[in-house]
Amino acid sequence: MATTVPDTAEVELTIGGMTCASCAARIEKKLNRMDGVEATVNYATEKAKVTFRQDLDVADLIATVEATGYTARPPEPDPAPGAAGDGRDGGPGQETEGDELRPLRQRLITAVVLAVPVIAMAMVPAWQFEYWQWLSLTLAAPVVTYAAWPFHKAALTNARHGAATMDTLISVGTSAAFLWSLWALFFGTAGTPGMTHPFELTIARTDGAGNIYLEAAAGVTAFILAGRYFEARSKRKAGAALRALLQLGAKDVTVLRGGREAQIPVGELKVGDRFLVRPGEKIATDGTVVEGASAVDASMLTGESVPVEVGVGDTVTGATVNAGGRLVVEATRVGADTQLARMAKLVEDAQNGKAAAQRLADRISGVFVPVVIALALGTLGFWLGNGAGLTAAFTAAVAVLIIACPCALGLATPTALMVGTGRGAQLGILIKGPEVLESTRKVDTVVLDKTGTVTTGRMTLLAVHTADGTDETEVLRLAGALEHASEHPIAQAVAAGAAERVGALPTPEDFANIAGLGVQGVVEGHAVLVGRTKLLAEWAMELPSGLARAKAEAEAAGRTAIAVAWDGEARAVLEVADAVKDTSAEAITRLRALGLTPILLTGDNQAVAEAVAAEVGIDEVIAEVMPQDKVDVVKRLQSEGRSVAMVGDGVNDAAALAQADLGLAMGTGTDAAIEAGDLTLVRGDLRAAADAIRLARKTLGTIKSNLFWAFAYNVAALPLAAAGLLNPMIAGAAMAFSSVFVVGNSLRLRGFKAAS
């Protein structure tokens, strides 16, 4: 007998308590073990997207996450308009980005304020007054308990699942240092008045009863909390791509009901409603034009550089801009069905499917922690077996744990990131976070959007072809004057180009816009026509052979050709196109020098794309691609084993930027693209893409060398600790020296220079 498969439902849970990518993997694994559940967990956005059988309850999913040691809550319902809250902090759904970071920031401030005097007293014998060790304990206790609680909690969670991460190392090391200090103060000789840590670097065996390691416990906590705070701040921005995309749409719309105009929020629009779009306004939703004609600028959504002429019966897309006349549109898709909403979903899916790079320190810790714990137990057993006494054996074992918790490890990533990102900002390159750097190392293919990335994204007058005996200046004066009166983007390009070349333009005495064909009017006593050849044909005018040839060549190169005629005769052809940026060809050369293969990907037509590619030196072109297909192109390249970087600036690029292994957004583009990218190029200069990849690779190299040395110093000191020869000053000096080295190594990034 056939079984009925229950319908499925989908929910997005907000996950709390994750500290690294392995946490996300663990939750995902647990959820997917449930019968009828499919889940993906994104560490960056702290969201779990779960598809489940409808006979299951969301509470079951939350219970599974909580049993794994994390928190989960269903999405908050959107508040009704005007019910945004009473302004008090902490209410449900009222947390801002800053509020979410507040607990971490409070722990960091507590740790820094209290740890600095503890470290100072331990390292400077002159400041060790009679009862200094007890003041150190008073100051260090809140740091190791309250401030370090997230590390202890994560370590316990990891231990329950047989895993070891950076949190385990921090928790074990700081706890060992603190608990040993407590024992030495209350049961050893460290608590006696006048006890000092002399500034001696002698290697001698000690029973440990007079040693305290509070500065190690407090210092490590403060340094690593600082790193976590800056990482969390950059991670919070990961979900902003979706918000930026959805904010692109119109907020209000003018609907026509019962022959009257009414302003309503766009969310109340229904399929079949007719709404008005005035010149310069955004089109509220996807629909069909039922009245009027205009040019629609769809470049942000489709990548087409030339505005699209629309009339009755043509379809239009929500969030595109009406650049010309008045339109009445009938809504065909609203809400989640619109192209803009589908693109937002593409971005979300790409972000969820994109595995966040596992923190390097976690990977090292996974091996290092079990080895250190085994070594500490081995040391304890060895000294007990050799009759050294319980105190001496414990001293050696605890010293192993303390020296294995490197202060420099907490500095390794944040210092290199701070210096690298600071230098990047000076050069107009913004790096979002440490996980971005891992991607830059592997990238071998760079996919470039055309409009606004390789080209300026603006229509520009590129060339003027005149008939025999016609003066170019006169052509520009007459055509520019007439086009200046039009709102069409191509007309504005002609007017701007003419004004730039000949100066002030005359004012037309008469002007008329011929929908879909061009403009006509009277300028300085001349009857002037500017537009398509069809407009000239209606006045029985034909282009001379030279101009006809120029027009054909311009169109073959993907440019828009505009005919100009006056006083009954065709006089010129103007070439208008989206001009290639001056620096694009040089940028392609630099990208190739980094070992990257460039590919041009655009929604524009094939002829335009090939002309631009030939001009800048790109061999591979993929043209006439819809936004959702851009994601498929990136996926196809990835399935071929390539590691893909994507450079783009428009809404149409946002999903592909999120899907790519490395997304580089032009800062001159839309917020949606910028938020979806991993690196932002503030200047909008494509050469910065090559500089960004070089800087990111150099920063990653610095982080790796920092991590190596942070561990190397401690590994070198481990035999001394195991031998029971490590006194507090040597431990402190090793920690200080490794920290100074890491900071110095990171500061070398300040010397990074952009290629001239």
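Residues numbered from 1 in each chain as written. Predicted model: local features only at pLDDT ≥ 70, side-chain atom pairs only at ≥ 80, totals over all residues. Heavy atoms only, no water.

The protein chain appears in an unreviewed UniProt entry as Heavy metal translocating P-type ATPase from Streptomyces prasinosporus. In its Subcellular location (unreviewed entry) section, the UniProt entry covering the protein chain states "Cell membrane". (UniProt positions renumbered as here; feature names shortened; annotations may be inferred.)

Chemist: An account of the overall build of the protein chain is needed here, citing residue identities and associated values.
Modeler: Looking only at helices and strands, the protein chain features 26 helices and 26 strands. Counting every position in the protein chain, which comprises 756 residues, the buried fraction comes to 52%. Taken as a whole, the protein chain presents about 32200 Å² of accessible surface, with 57% of it coming from carbon and sulfur. (Helix = DSSP H or I, 4+ residues; strand = E, 2+ residues; numbered from the N terminus. Buried < 20%, exposed > 50% of the residue type's maximum accessible area, 1.4 Å probe, protein only. Areas by Shrake-Rupley, 256 points an atom, 1.4 Å probe, with all protein chains shown as cover.)

Chemist: I'd like to hear about the packing of helix α4 (residues 132-147) against helix α5 (residues 149-160), residue by residue, with values.
Modeler: At a closest axis distance of 5 Å, the pairing of α4 and α5 adopts a crossing angle of 45 degrees. Looking at the two axes, α4 sits oblique to α5. Within the contact between the two elements, α4 uses Val144, Thr145, Tyr146 and Ala147 and α5 uses Trp149, Pro150 and His152. (Axes fitted to C-alpha atoms, helices over the stretch in contact; angles between N-to-C directions. Parallel < 35°, antiparallel > 145°, perpendicular 65-115°, else oblique. Contact = heavy atoms within 4.5 Å.)

Chemist: Residues and numbers for the nonpolar core, please.
Modeler: Counting 53 residues, the largest nonpolar core has Ile212, Leu214, Leu225 and Val400 as its most contacted members. Those elements giving two or more residues to this core turn out to be α3 (97-123), α4, α6 (166-186), α7 (214-235), α11 (360-385), α12 (390-403) and α25 (687-722). With nine residues, α7 is the largest single contributor of residues to this core. Apart from residues no more than four positions distant in its own chain, Leu214 is found in contact with Val118, Gln133, Ser136, Leu137, Ala140, Phe178, Ser181 and Leu185. (Core = buried A, V, L, I, M, F, W, Y, C linked by side-chain atoms within 4.5 Å.)

Chemist: Which residues make up the packing of helix α20 (residues 584-593) against α25, and what values do they have?
Modeler: The axes of two packed helices give the description: the angle between them and the distance between them. Running from amino to carboxyl end, α20 crosses α25 at an angle of 25 degrees, the nearest separation of the two axes being 7 Å. When the axis of α20 is compared with that of α25, the two are roughly parallel. Taking contact as the criterion, the partners of Glu586, Ala587, Arg590 and Leu591 in α20 are, on α25, Arg687, Ala689, Ala690, Asp691 and Ile693. When grouped by side-chain class, the residues that make up the contact of α20 with α25 number five nonpolar, no polar and four charged. (Nonpolar A, V, L, I, M, F, W, Y, C, P; charged D, E, K, R; others polar.)

Chemist: So, the confidence of the model for the protein chain: which residues are in play, and what are the values?
Modeler: Across the protein chain, the average pLDDT comes to 79, with 81% of residues at 70 or higher. In the model, residues 1-5 has pLDDT below 50 throughout and makes zero contacts with residues more than four positions away in sequence or in other chains. Taken together, the stretch residues 354-358 has pLDDT below 50 and engages in 13 contacts with residues farther than four places along the chain or on a different chain. (pLDDT = per-residue confidence, 0-100.)

Chemist: Lay out the pairing of strand β25 (residues 662-666) in plain terms, naming residues and giving numbers.
Modeler: Among the five residues that make up β25, five are buried, leaving the element largely enclosed by the rest of the structure. Across the two faces of β25 the burial is the same, with Leu662, Leu664 and Met666 and Gly663 and Ala665 all buried. As defined by bridge partners, β25 adjoins strand β26 (residues 679-681) across three bridges and the pair is classed as parallel. Looking at the pairing, Ala665 lines up with Thr680 of β26. (Pairing = 2+ DSSP bridges.)

Chemist: Please give an account of the sheet that holds strand β3 (residues 47-53) that cites residues and values.
Modeler: Strand order across the open sheet formed by four strands is β2-β3-β1-β4, with antiparallel pairing between neighbours. Both edges of this open sheet fall to β2 (37-42) and β4 (71-73), since each of them pairs with a single strand only. Taking the axes of each pair of neighbouring strands and ignoring which way they run, one obtains an average angle of 25 degrees across the sheet. Note that strand β1 (residues 8-16) and β3 share seven bridges and pair antiparallel. Its bridge partner being in β3, Val11 is matched across the sheet by Val50.

Chemist: Run through the UniProt feature "transmembrane region" (unreviewed entry) in the protein chain, naming residues and quoting values.
Modeler: Per the UniProt record, "transmembrane region" (unreviewed entry) is annotated on residues 108-125, 131-149, 169-192, 212-230, 364-384, 390-413, 707-723 and 729-747. Across residues 169-192 one finds 75% helix and 0% strand; the C-alpha atoms that close the span lie 31 Å apart. What you have in residues 707-723 is 94% helix and 0% strand, and the ends, taken at the C-alpha atoms, are 25 Å apart.

Chemist: Summarise the packing of aromatic side chains; cite the residues concerned and give the values.
Modeler: Taken as a whole and judged by the stated rule, the model has five aromatic pairs. Seen in terms of ring centroids, Trp180 and Trp183 are 5.1 Å apart; in terms of plane orientation they differ by 25 degrees. Their pairing is stacked. Of this pair, Trp180 and Trp183 both sit in helix α6, separated by three residues, roughly a single helical turn. Trp183 sits in the partly exposed class, given a relative accessible area of 30%. Between the aromatic rings of Phe382 and Trp383, the centroid separation amounts to 5.2 Å while the plane-to-plane angle is 80 degrees, which identifies the pairing as edge-to-face. The structure contains a cluster of three or more aromatic residues connected by ring pairs, namely Phe708, Trp709 and Phe741. (Phe/Tyr/Trp six-rings, centres within 6.5 Å; stacked < 30°, edge-to-face > 60°.)

Chemist: Give me unusual backbone geometry: which residues, what numbers.
Modeler: Unusually for a residue other than glycine, Ala319 sits at a positive phi of about 80 degrees. Along the chain, Ala319 falls in the loop between β11 (315-316) and β12 (321-322). Positive phi values are uncommon outside glycine, yet Glu624 reaches one of about 55 degrees. Structurally, Glu624 can be placed in the loop between β23 (620-622) and α22 (627-639). The exposure class of Glu624 is exposed, given its relative accessible area of 52%.

Chemist: An account of the pattern of salt bridges is requested, with residue identities and associated values reported.
Modeler: On inspection of all chains with the given rule, the structure shows 21 salt bridges. For Arg592, the salt bridge goes to Asp619, with nearest N and O atoms at 3.4 Å. Taken as a pair, Arg592 in helix α20 and Asp619 in the loop between α21 (606-616) and β23 lie far apart in primary sequence, 27 residues in all. Put simply, Glu640 and Arg642 hold a salt bridge, and the shortest N to O gap is 3.6 Å. Residue class for Arg642 comes out partly exposed when judged on its relative accessible area of 25%. When salt bridges that share partners are traced, they join Glu586, Arg590, Asp685 and Arg687 into one network. (Salt bridge = Lys/Arg side-chain N within 4 Å of Asp/Glu carboxyl O.)

Chemist: Residue-level account of the sheet that holds β25, with values.
Modeler: Hydrogen bonds between backbone groups are what pair the strands of a sheet, and the pairing can be parallel or antiparallel. Strand order in the open sheet formed by seven strands is β14-β26-β25-β24-β15-β22-β23, with mixed pairing between adjacent strands. In this open sheet, the two edge strands, each paired with only one partner strand, are β14 (429-431) and β23. Ignoring which end each strand starts from, the neighbouring axes of this sheet average 20 degrees apart.

Chemist: Before we move on, can you summarise helix α16 (residues 472-484) with the specific residues and values?
Modeler: With 13 residues, α16 extends 17 Å between its outermost C-alpha atoms, agreeing within 8% with the 18 Å of an ideal straight helix rising 1.5 Å per residue. Listing the buried residues of α16 in full gives Val475, Leu476, Leu478, Ala479, Gly480, Ala481, Leu482 and Glu483. (Expected span 1.5 Å × (residues − 1).)

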